Structure formats: C-alpha cells, structure tokens
Amino acid sequence: MAALSKSIPHSCYEIGHTWHPQCSSAVLHVTQSALAESLRIYGTLYLIAAILRKRKLDYYLYKLLPEILQSTSFLTANGTLYIACFCILRKILGKFYFWSPGFGAALPASYMAILIERKSRRGLLTIYMANQVLLFCITAALFMFFFRCKDGLKGFTYSALKFIVGKEEIPTHSFSPEAAFSKTDRKIKHSEKVSQPMNILALTKKLMDKVCKHGPRHRCCKHYGDNCISYCIKGFIRMFSIGYLIQCCLRIPSTFRHLLTQPSRLFSLFYNKENFQLGAFLGSFVSIYKGTSCFLRWVRNLDDELHALVAGCLAGISMMFYKSTTISMYLVSKLVETVYFKGIEAGKVPYFPHADSIIYAISTSICFQAAVMEVQNLRPSYWKFLLRLTKGRFALMNRKVLDVFGTEASKNFKDFTPKLDPRYTVVPPELPLELS
C-alpha cells in the first residue's frame, strides 16, 4: 500500500519517451513503427486464412484489404493511444504514481483501440501465466466436444475445426457409404482408361486405394474410403504439410529481405526447425484425435460426443511440439467467448454490453503494467512483441527512476541510463545530453 501512495515528479519525457522531448513527435514515432509491424502481421495472417478457407475472388477484391486495414488500425491505435494517454495522464496528475505509467495509461488506450477491431475478433487475454500444454489440452477437449455436439459451434471456429479434423468426425455427417464407394469406383474405372505411360501411376493409386479400403474400420466410423489406420496416417500427412507451408510463408518476408546479402538464407526458408515444429504440432493433433476417436468407437461399440473430450484432451499434448502462447491464449479467449454466449442463450448468464471490450482492456492493462514495472515477470514472447511493435522504444523507458516503487523495474536494464536534455527535465538527469 505504501508503494501505491508514492509518487515521482518526473515528466513523461524523463520516464517514457526518452528518445525525444516532444510528446507529439514521440506519438508519431510509435505510430509509424506500430503501423509497419501491424501491416506485416495482419497482412500475412489474413492472406493465409483466406487461402485456407478457400475464399472466392470477390473476397480478395472487396473484403480482404478492408479487413486487414481495420485490424491494422486496431493494433496501431493500441500503441499510439498508449503513449498519448501516458503523456496526458502525467499532465493531468502532475506526477507519476505506481499505477499510472502502466495500467492507468493502457486501460483507456486498450478500450478505445478494441472498439476499432471487428467484434468477431475481440479476444479475452485471460489466464496469461497458465501452463501452455495443460491449458491447450483442456481447451482442445472442450472445443472438440462442442464441435461434436449439435449446434455446439458456429461460424469461423466451426469451419476451422471442420477443415482441420475433417467432416468425418461430425455426427450429422451426410456422406453415405454408397456415395463413397461409387466415387472410388468411378476413379478406378477412369484410371483404367488412362494411356499406357500413366499405367504405373494408375496401378500405384489403385494399390493405395485397396490398402486404404481393406482393413479394420468400425461400423460407427464414417471414414468410408479408409480403414482406421490409413485414416490417421493421412490426417497426419495432410496437416503436417499445411503446417510446414504456413511457417514457410511466414518466413518469406524476412528471408527475401536479406536474400541479396545472404543468399544462404534461402535454404533456411525451407529447412528450418520451426517449419517442422508447426507441422508436427498440427499433424500429431489430428492423428491423435482421430486415432483416439476410432479406438473409443471400437472399445465402446458406439459413436458418442463424449469421445471428443478424451480425444481432444490427448490431442492437446501435441502442443509440446510447438509451444505457442499466441495459439493457447487465442483458443482460450474463443472458448470463454463461446461458453459465455451459450450461457446467455440458455438464460443462465446475464448479458453485459461491451463485456469483451472491457475484459480485453483490463487484461491488456495488466500486461502493460508488468511491461513497465516488472518486465522479469512478463512472458518473453509478449515482451518481444512489444519491442517489435515499437521498434525497441519500449526498452528505452527510464526504469531506474521507477525502482522507488519497489518492483525492481530496472532489474533487466541495469546498464541502461537514458541521455536526457536538461532543458526539458523536472529533475536533473543522471546523464545529461551534451548540447552544442
């Protein structure tokens, strides 16, 4: 409580934007760096999502760019409004308190910024320090259960899971065995009509079809064109390839930027540890989920939605291949959002207008408070993200002065002391800028 009542008289230049004494110039600098990074992030993200969801040409012509710009504006505004609120709050209060440089400045900035973003993309940044693998196991179990239930999931989440695990795992799947076999027969008959040079390929394909079709498949399994073993193997290969390609696409901008000076970087684009990690994560998730589902159908001799809880939980172990805070937190936010709105539909939970925006603002403000006052307790991935968003300027804060609040703010910055222009400081600086 004593730390909460303490205050320091320093200006926003002495604590926050130490690289420039003018508030307006500092805001402009942060805006420029945040805009560039946001465009890079959302441009890549939306483009890959559009390709995976097989969007039509109209989407690329009329909707892709507006969606990228809207999300880019949200993230840029978050950074811009934070530094603006940082300066405004100092001018209103006349000094800095324990809560004002982090939580106080980030709360209004985050709330105003999230209102710019599309409502369907407003996430809840909660349970931030939870174990990623355990958290993902629980989240995956509940998501897959809702996926298997009638009217359990809707919209993008349902489409994404359907794309990942396949429509064979949906109980209301209308894919009949007759249609499957007739389609296979047509393909085999077509291959017999292929010219002589294609006979080897046709024979290989025919052999693969026989291997896949003949084998153990439970009567409740809906993968009519495959036995249970080939069904799991095909799922792994498909999602491993997609994960590998996604990671390659994400690395293209940074690789081609250095290609002229370092041609060897082209090799690292394709042969990179992270490429295989994402592929292994997606591939093992699908194969474990499908394998467990098939196993439970054999053991219990029925197809039940509860199987998805066990299969999803075990499949969540695949996060060990690709530990990603971003994926875990996003899925948790979507799960909380799904449960919350289901509670509203059932009349069990009251509806709070802008609840998602308020929770996002509070959660983000807590992260900013940690980023200012105790970086050592912040996830490294989030700290690196803040540095990229501001081009390293978040590390230029004068945290030595903030040590008075007792949080060891300068613990990771012992060797850094900003050079300040004494003409714009309230307290004489430790390292005054030499004036010409």
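In this report, we go over the structure that sits alongside the text. These numbers come from a predicted model, not from an experiment. (Residues numbered from 1 in each chain as written. Predicted model: local features only at pLDDT ≥ 70, side-chain atom pairs only at ≥ 80, totals over all residues. Heavy atoms only, no water.)

**Remarks on the overall build of the protein**
Then comes step 1: Regarding its fold elements, the protein presents 16 helices and four strands.
Then comes step 2: When the 436 residues of the protein are sorted by exposure, 45% land in the buried category.
Then comes step 3: Relative to all contacts within the protein whose residues are 6 or more apart in sequence, the contacts with residues 24 or more apart total 70%.
Then comes step 4: For the protein, the exposed surface amounts to about 23,400 Å²; the carbon and sulfur share of it is 66%. (Helix = DSSP H or I, 4+ residues; strand = E, 2+ residues; numbered from the N terminus. Buried < 20%, exposed > 50% of the residue type's maximum accessible area, 1.4 Å probe, protein only. Contact = heavy atoms within 4.5 Å. Areas by Shrake-Rupley, 256 points an atom, 1.4 Å probe, with all protein chains shown as cover.)

**Considering the packing of aromatic side chains**
Then comes step 1: Following the criterion strictly, the structure yields 21 aromatic pairs and no others.
Then comes step 2: Judged by centre distance (5.4 Å) and plane angle (50°), the rings of Y244 and F276 are tilted. Taken together, the residues span a long stretch of sequence, with Y244 in helix α10 (residues 228-257) and F276 in helix α12 (residues 273-300) at a distance of 32 residues.
Then comes step 3: For Y244, a relative accessible area of 18% translates into the label buried. (Phe/Tyr/Trp six-rings, centres within 6.5 Å; stacked < 30°, edge-to-face > 60°.)

**Brief notes about α12**
Then comes step 1: Under the 1.5 Å per step criterion, the end-to-end length of α12 is 40 Å for 28 residues, consistent within 8% with the ideal 40 Å.
Then comes step 2: The first or second residue beyond α12 is N301, which carries a positive phi of 60°. (Expected span 1.5 Å × (residues − 1).)

**Side note on the side chain of T417**
Then comes step 1: Looking at the secondary structure, you find T417 in the loop between α16 (380-390) and β3 (419-420).
Then comes step 2: At 2.8 Å, the side chain of T417 forms a polar contact with the side chain of K400.
Then comes step 3: If near-sequence neighbours (up to four positions away) are discounted, T417 is found in contact with K400, E430 and L431. (Polar contact = N/O pair within 3.5 Å; in protein donor to acceptor, adjacent residues only side chain to side chain.)

**Points about empty space enclosed by the protein**
Then comes step 1: Under the counting rule described, the total for this entry stands at two cavities of 30 Å³ or more.
Then comes step 2: Here the largest cavity is characterised by a volume of approximately 160 Å³.
Then comes step 3: Contributing to the lining of the largest cavity are 15 residues, with V30, Y82, I83, T390 and F394 lying nearest its centre.
Then comes step 4: If you list the elements that add at least two residues to the lining of the largest cavity, you get α4 (57-93) and α16.
Then comes step 5: Top contributing element to the lining of the largest cavity by residue count: α4, with four residues.
Then comes step 6: Looking at the lining of the largest cavity residue by residue, the class counts come to ten nonpolar, four polar and one charged. (1 Å grid on protein atoms, 1.4 Å probe; cavity = no way out; pocket = protein on both sides within 12 Å on 5 of 7 lines; lining within 4 Å. Points joined across faces, edges and corners; volume = space filled by probe spheres on them. Nonpolar A, V, L, I, M, F, W, Y, C, P; charged D, E, K, R; others polar.)

**What to know about the side chain of R148**
Then comes step 1: Turning to its location among the elements, R148 is positioned in helix α6 (residues 132-148).
Then comes step 2: A distance of 2.8 Å separates the side chain of R148 from the side chain of D303, its partner in a polar contact.

**Focus on the pattern of salt bridges**
Between side chains of opposite charge, pairing is possible as soon as their charged atoms come close.
Then comes step 1: Following the criterion strictly, the structure yields nine salt bridges and no others.
Then comes step 2: Of the charged contacts in the structure, one is a salt bridge between D303 and K222, with a shortest N-O distance of 3.2 Å. With D303 in the loop between α12 and α13 (307-315) and K222 in the loop between α9 (199-213) and α10, this pair connects stretches of sequence that are 81 residues apart.
Then comes step 3: Look at K222 and you get buried, because its relative accessible area is 14%.
Then comes step 4: Of the charged contacts in the structure, one is a salt bridge between D421 and R423, with a shortest N-O distance of 2.8 Å.
Then comes step 5: The class of D421 is buried, set by a relative accessible area of 6%.
Then comes step 6: On the accessibility criterion, R423 (59% relative accessible area) is exposed. (Salt bridge = Lys/Arg side-chain N within 4 Å of Asp/Glu carboxyl O.)

**Overview of the packing of helix α3 (residues 23-52) against α16**
When two helices pack together, their arrangement is given by the angle between the helix axes and the distance between those axes.
Then comes step 1: Two numbers describe how α3 lies on α16: the axes approach to 6 Å, and their chain directions differ by 115°. Listed contacts from α16 to V30, S33, A34, E37, S38, R40 and I41 of α3 are F385, R388, L389 and T390.
Then comes step 2: Its residues placed into classes, the contact of α3 with α16 shows five nonpolar, three polar and three charged. (Axes fitted to C-alpha atoms, helices over the stretch in contact; angles between N-to-C directions.)

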